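# Architecture at a glance
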Amino acid sequence: MGKLSFKDVLPLTGSSQTIPHIGFGVFRSDGSTCKASCLTALKLGYRHIDTAQYYENEAQVGEAVRESGLPRESVYVTTKVIQPVGNVEETLQSLRESVGRIGLGYVDLFLIHSPSSGKEGRKGLWTALEELKKEGGTKDIGVSNFGVKHLEQLKEFSSTTPVVNQIELHPWCQQREVVDYCKKNGIVVQAYAPLVRAQKNNDPTLQSIAEAHGVSVPQVLVRWSLQNGFVPLPKSDNPGRIKSNADVYGFELTDEEMKKLNDKALPDEEGAICPYLANCP
Ligand SMILES: NC(=O)c1ccc[n+]([C@@H]2O[C@H](COP(=O)([O-])OP(=O)(O)OC[C@H]3O[C@@H](n4cnc5c(N)ncnc54)[C@H](OP(=O)(O)O)[C@@H]3O)[C@@H](O)[C@H]2O)c1
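Within every chain, residues take consecutive numbers counted from 1 along the sequence as written. Two thresholds apply to this predicted model, a pLDDT of at least 70 for residue-level local features and 80 or more for giving and counting side-chain atom pairs, whereas whole-chain, interface and lining totals are computed over all residues. Note that the side-chain values use all heavy atoms of the structure and ignore hydrogens as well as water.

Going by what an unreviewed UniProt entry lists, the chain is known as Aldo/keto reductase and is assigned to Morchella conica CCBAS932. UniProt, in its Sequence similarities (unreviewed entry) section for the chain, records the words "Belongs to the aldo/keto reductase family." UniProt positions are given in the numbering used here, feature names are shortened, and annotations may be inferred rather than shown by experiment.

## What to know about the environment of Gln 190
Numbering of helices and strands runs from the N terminus; a helix is a DSSP stretch of H or I covering at least four residues, while a strand is a stretch of E covering at least two. Position of Gln 190 among the secondary structure elements: in strand S9 (residues 188-192). Burial classes follow relative accessibility: with a 1.4 Å probe on protein chains only, a residue under 20% of its type's maximum area counts as buried, one over 50% as exposed, and anything between as partly exposed. Taking relative accessible area as the criterion, Gln 190 reaches 0% and is therefore assigned buried. Sequence separation between Gln 190 and Val 164 is 26 residues; the distance between their C-alpha atoms is 6.8 Å. When neighbours within four sequence positions are excluded, Gln 190 is seen to be in contact with Ile 19, His 48, Leu 109, Leu 111, Val 164, Asn 165, Gln 166, Ile 167, Leu 169, Val 231 and Leu 233. When checking whether two residues touch, look at their non-hydrogen atoms; a contact exists if any pair is within 4.5 Å.

## Here's the deal with the side chain of Asp 50
Following the sequence through the fold, Asp 50 ends up in strand S4 (residues 48-50). N or O atoms within 3.5 Å of each other form a polar contact, as long as, within protein, one can give a hydrogen and the other can take it, and as long as residues adjacent in sequence are counted only when both atoms are side-chain atoms. At a separation of 2.6 Å, a polar atom in the side chain of Asp 50 contacts the side chain of Lys 80. A polar contact is formed between the side chain of Asp 50 and the side chain of Gln 166, at a distance of 2.9 Å. Leaving out residues up to four positions away in the same chain, Asp 50 has contacts with Phe 24, Gly 25, Val 26, Tyr 55, Thr 78, Lys 80, Gln 166 and Leu 233.

## Remarks on the pairing of S9
Counting buried positions over the five residues of S9 gives five, a clear majority of the element. With burial as the criterion, each face of S9 is covered, one bearing Val 188, Gln 190 and Tyr 192 and the other bearing Val 189 and Ala 191. Bridging between strand S8 (residues 164-168) and S9 involves five bridges; their strand directions are parallel. Within S9, the residue paired with Asn 165 across the bridge is Val 189. Pairing between strands requires that DSSP locate at least two bridges from one strand to the other.

## Points about the site of the ligand
What makes a residue near a molecule or strand is one non-hydrogen atom of that residue sitting within 4 Å of it. Around the ligand, 27 residues are found, and the nearest of them are Asp 50, Arg 197, Lys 235, Ser 236 and Asp 237. Between the ligand and the protein, one listed contact pairs an oxygen atom with a backbone N or O atom of Phe 27 at 2.9 Å. One of the side-chain nitrogen or oxygen atoms of Arg 197 is found 2.7 Å away from an oxygen atom of the ligand. Surface accessibility follows the Shrake-Rupley procedure with a 1.4 Å probe radius. Residue values consider only the protein chains on display as shielding. Within the complex, 85% of the 890 Å² of free accessible area of the ligand lies under protein. For this scheme, ten residues count as nonpolar: Ala, Val, Leu, Ile, Met, Phe, Trp, Tyr, Cys and Pro. Four count as charged, namely Asp, Glu, Lys and Arg, and the remainder, Gly too, count as polar. Classifying every residue of the shell around the ligand gives twelve nonpolar, nine polar and six charged.

## Structural notes on the UniProt feature "active site" (unreviewed entry) in the chain
Residues annotated by UniProt as "active site" (unreviewed entry) correspond here to Tyr 55. When you line up the elements, Tyr 55 lands in the loop between S4 and helix H2 (58-68). With near-sequence residues (within four places) excluded, Tyr 55 lies in contact with Val 26, Phe 27, Asp 50, Lys 80 and His 113.

## Thoughts on unusual backbone geometry
Despite not being glycine, Arg 28 has its phi angle at roughly 60 degrees, a positive value. For Arg 28, a relative accessible area of 57% puts it in the exposed group. One non-glycine residue, Val 196, lies in the positive phi region at around 50 degrees.

## Points about the pattern of salt bridges
Definition used for salt bridges: Asp or Glu carboxyl oxygen within 4 Å of a side-chain nitrogen of Lys or Arg. On inspection of all chains with the given rule, the structure shows 13 salt bridges. Here Lys 259 makes a salt bridge to Asp 263, at a shortest N to O gap of 2.7 Å. The burial state of Lys 259 is the same as that of Asp 263; both residues are exposed.

## Details of the packing of aromatic side chains
Centres within 6.5 Å are what make two rings of Phe, Tyr or Trp a pair, Trp counting through its six-membered ring; a difference in plane orientation under 30 degrees is then read as stacked, over 60 as edge-to-face, and the rest as tilted. All chains considered together, the criterion is met by seven aromatic pairs. Centroid distance Phe 6 to Tyr 46: 5.5 Å. Interplanar angle 80 degrees. Geometry classified as edge-to-face. Here Phe 6, found in the segment before strand S1 (9-11), pairs with Tyr 46, found in the loop between helix H1 (31-44) and S4; they are 40 residues apart in sequence, far enough to count as distant. Since its relative accessible area comes to 23%, Phe 6 is described here as partly exposed. These aromatic residues form a ring-pair network of at least three members: Phe 6, Phe 24, Tyr 46 and Tyr 249.

## Side note on the nonpolar core
Buried Ala, Val, Leu, Ile, Met, Phe, Trp, Tyr and Cys residues that are joined via side-chain atoms within 4.5 Å together make up what is termed a nonpolar core. If you look at the biggest cluster of nonpolar residues, it comprises 67 residues, and the most contacted ones within it are Val 26, Cys 38, Leu 95, Phe 110, Leu 151 and Leu 253. Broken down by element, the residue count for this core peaks at six residues, all from helix H8 (residues 217-227). With residues near it in sequence (within four places) discarded, Cys 38 still touches Phe 24, Val 26, Ile 49, Val 61 and Ala 64. Core analysis: the next-biggest nonpolar cluster, separate from the first, contains eleven residues, Tyr 76, Val 163, Val 164 and Val 231 among them.

And the structure:
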């Protein structure tokens, strides 16, 4: 594996854009806290923020990017929509409102947050997203929490391939079937809950690997994601942790350590800490 760096970007199939290899998550980061955390993250060198309509902090993410003084094109901003809000035109209007709330002219990536609205719902959402892309509201479109079945179904009504699938990924939930499918089909895989929400910080395997490198357990988890080629989206509202979660470029997990972590895999539904949606109709 080549040496990884904080500035790495990954290509997106069928797009002229690239995506920063590490992102910053803002789920459960409220209002002014979210803005302050994003400003801290941008100052430290993160260039990729992951919000959603559902998080109710799109506006604060946009404010932080504007206040950071960074050129618009140097920061990658993602948002998401969960379900249709009526017909395609009405859904499109809700997407435009997100872009307006963020206030950066366009977003880089707009995702269907969940497959849970059924086949017709997904069709309506995807069609609205394709329209938003055509009119310049987003550079690219993608999906989240999709299983192979949902990705295959998209092809029945669209020739646009999602550039990413954002799914829960950490050693206990590795979703290998959909990850393999995405890799074969040129879809970048984003890893959400990459720190397992700090629930495995006392795991002995993680602790011994962290100790061997003189780093923290969350740093090992971010590194595991990066070395697997995923795009991890660690979230924190603590400035020290925002810094350390991205301070992962001074060590490398060995093949043996990667194997030990890969061997932690549980059946996806069992290992997931978020609702597991890949099987929903
Ligand atoms: N598409 C989806 O359906 C979906 C679902 C879930 C998440 N996501 C995205 O993925 C991002 C990350 O997932 P997540 O927020 O669920 O979980 P996560 O990043 O795995 O964990 C975040 C939690 O870990 C704590 N934490 C962060 N760094 C730490 C450290 N170094 N040491 C100890 N604790 C630490 C945070 O608390 P503090 O803030 O206090 O540090 C927070 O409680 C989200 O923010 C969101 O952008 C997407």
